[in-house]
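For reference, the chains in residue letters:
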Amino acid sequence: MTETAAGAQADGSAAGALVWDWSVRLFHWTTVALIPMLWLSAENGAMDWHRRFGLTLMGLLIFRLYWGVAGMNTARFQNFVKGPKAITAYIARMKRPYTPAAGHNPLGALSVIALLAALTAQITAGLFAVDVDGIESGPLSSLISFKQGRAAAEFHEFFFNVLLALIVLHIAAVAYYFIALKTNLVRTMVTGRRKGAVTANAGPFPLTRFLIGAALAVAAVTLVQL
């Protein structure tokens, strides 16, 4: 998720350089699958499944936030979240022939942060939400009043539209890169590799740090259900 690092060399192998490690790809595609499952379960009143899916997504989100600090280079927020100057300079370079960044570019970083923030808000509201009858409720709803729980539920329902809008924008951006810039972002998120990219994730996968993040996610999901 960084631009070409100083001194980095392009990977000349047929497969290309590693851009996304498997944990980032697992988070991405599991989230893609869970969001429609969450919507369908809510629409059909399958609230037990809605809760299970929501807690799973919560665990994934906690891991991704942790991985944004302790993960591999392209996953770290500090390596791709940039200021207005870098974003403006990047937009000026968005033309063919286009050279992709080693990970998220400064403009794409805005989409990532917006989606992670929206998921955080949506999940947090769901944890405290209470339905009209007070029967179906989030695992932390007992910590607040019924009125506050209803407000959380209404926010949870409304904010899904905001999340959906961000997802549509994200898909539109991916389509633009594919059509206008001839860059297949989906394939890279599937394989983890990009031809001609710099080697930004040198070294072995940090298994110990991964296990710490997984343990934190499991602990948090377990804790909110006690």
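Quick note: structure is the one above.
This write-up is about the structure you can find in this document.

What counts and how
Residues numbered from 1 in each chain as written. Predicted model: local features only at pLDDT ≥ 70, side-chain atom pairs only at ≥ 80, totals over all residues. Heavy atoms only, no water. Helix = DSSP H or I, 4+ residues; strand = E, 2+ residues; numbered from the N terminus. Areas by Shrake-Rupley, 256 points an atom, 1.4 Å probe, with all protein chains shown as cover. Lys, Arg positive; Asp, Glu negative; His and termini not counted. Charge placed at Lys NZ, Arg CZ, Asp CG, Glu CD. Core = buried A, V, L, I, M, F, W, Y, C linked by side-chain atoms within 4.5 Å. Buried < 20%, exposed > 50% of the residue type's maximum accessible area, 1.4 Å probe, protein only. Contact = heavy atoms within 4.5 Å. Salt bridge = Lys/Arg side-chain N within 4 Å of Asp/Glu carboxyl O. Axes fitted to C-alpha atoms, helices over the stretch in contact; angles between N-to-C directions. Parallel < 35°, antiparallel > 145°, perpendicular 65-115°, else oblique. Nonpolar A, V, L, I, M, F, W, Y, C, P; charged D, E, K, R; others polar. Left-handed = near helix turned anticlockwise from the far one by under 90°. Patch = residues over 30% accessible without salt bridge, like charges linked within 9 Å, V, L, I, M, F, W, Y side chains within 5 Å. Polar contact = N/O pair within 3.5 Å; in protein donor to acceptor, adjacent residues only side chain to side chain. Phe/Tyr/Trp six-rings, centres within 6.5 Å; stacked < 30°, edge-to-face > 60°. Lys NZ or Arg CZ within 6 Å of the ring centre and 35° of its normal.

Moving on to the overall build of the protein chain. Summing up its helical and strand segments, the protein chain has seven helices and two strands in all. Secondary structure elements in the protein chain, listed N-terminal to C-terminal, are β-α-α-α-α-α-α-β-α. Its C-alpha atoms give the protein chain principal-axis dimensions of about 60 × 40 × 30 Å. Counting every atom, the protein chain has about 12,400 Å² of accessible surface; 68% of that belongs to carbon and sulfur. Taken as two groups, the 18 positive and 10 negative side-chain charges of the protein chain have centres that lie 20 Å from each other.

Another point: the nonpolar core. Ranked by size, the top nonpolar core spans 27 residues in total, and within it Leu55, Leu57, Met58, Leu116, Leu119 and Leu163 carry the most contacts. Contributions of two or more residues to this core are made by helix H1 (22–43), helix H2 (47–70), helix H4 (106–128), helix H5 (146–180) and helix H7 (207–224). Ignoring any residue separated from it by four or fewer positions in sequence, one finds Leu57 in contact with Thr31, Leu34, Leu38, Leu119 and Ile123. If you look at the next biggest cluster of nonpolar residues, it comprises 12 residues, including Trp67, Ala70, Met72 and Phe210.

Here the structure, examined in full by the defined rule, presents one salt bridge. For Arg150, the salt bridge identified is with Glu154, shortest N-O distance 4.0 Å. Of this pair, Arg150 and Glu154 are both found in helix H5, four residues apart, which corresponds to roughly one turn of the helix. The exposure class assigned to Glu154 is partly exposed, which follows from its relative accessible area of 49%.

Right, let's talk about the packing of helix H3 (residues 84–92) against H4 for a bit. Direction vectors running N to C along H3 and H4 enclose 120°, while the axes themselves pass 7 Å from each other. By the angle between their axes, H3 is oblique relative to H4. From H3, Ala86, Ile87, Tyr90 and Ile91 reach across to H4, where they touch Pro106, Leu107 and Leu110. Within the contact of H3 with H4, the residues separate by chemical class into seven nonpolar, no polar and no charged.

Attention now moves to the packing of H2 against H7. At a minimum axis distance of 9 Å, the contact between H2 and H7 shows a crossing angle of 145°. As for the relative orientation of H2 and H7, their crossing is right-handed in sense. Between H2 and H7, the contacting residues are Leu55, Met58, Gly59, Ile62, Phe63, Tyr66, Trp67 and Ala70 on the first element and Arg209, Phe210, Ile212, Gly213, Ala214, Leu216, Ala217, Ala220, Val221 and Val224 on the second. Within the contact of H2 with H7, the residues separate by chemical class into 15 nonpolar, two polar and one charged.

This paragraph deals with a nonpolar patch on the surface. A grouping of Trp29, Val32, Val186 and Val190 is seen on the molecular surface, where their side chains present a nonpolar patch of about 330 Å² in accessible area. Listed by contribution, the elements that provide at least two residues to the nonpolar patch are H1 and helix H6 (185–191). Among the structural elements, Trp29 can be located in helix H1. What makes Trp29 partly exposed here is its relative accessible area of 34%.

All right, on to the side chain of Thr74 then. Along the chain, Thr74 falls in the loop between H2 and H3. Looking at Thr74, the relative accessible area reads 0%, which means it is buried. Among the polar contacts made by the side chain of Thr74, one reaches the main-chain carbonyl oxygen of Val19 at a distance of 2.6 Å.

Bringing unusual backbone geometry into the picture now. Following Arg96, the chain continues to Pro97 via a peptide bond in cis, the omega torsion being -5°. Along the chain, the position of Pro97 falls in the loop between H3 and H4. The backbone of Lys182 sits at a positive phi, close to 55°, despite the residue not being glycine. Along the chain, the position of Lys182 falls in the loop between H5 and H6. With a relative accessible area of 53%, Lys182 lands in the exposed category.

With that settled, consider the packing of aromatic side chains. Under the criterion given, the structure shown has 15 aromatic pairs. With a centroid separation of 6.4 Å and 45° between ring planes, the pair formed by Phe63 and Tyr66 is classed as tilted. Of this pair, Phe63 and Tyr66 both sit in helix H2, three residues apart, which is roughly one turn of that helix. Like Phe63, the residue Tyr66 is buried in the burial classification. Aromatic pair Trp67 and Phe205: ring centres 5.7 Å apart, planes at 35°, arrangement tilted. Taken together, the residues Trp67 in helix H2 and Phe205 in the loop between strand S2 (193–194) and H7 connect sequence positions 138 residues apart. Look at Trp67 and you get buried, because its relative accessible area is 0%. Of the residues examined, Phe205 reaches a relative accessible area of 23% and is grouped as partly exposed. Within the aromatic cluster, the residues linked to one another by ring pairs are Trp22, Phe63, Tyr66, Trp67, Phe205 and Phe210. Taking NZ or CZ as reference, Arg52 lies 4.6 Å from the ring centre of Trp49, over its face.

Function cannot be read off these values alone, since they describe shape.
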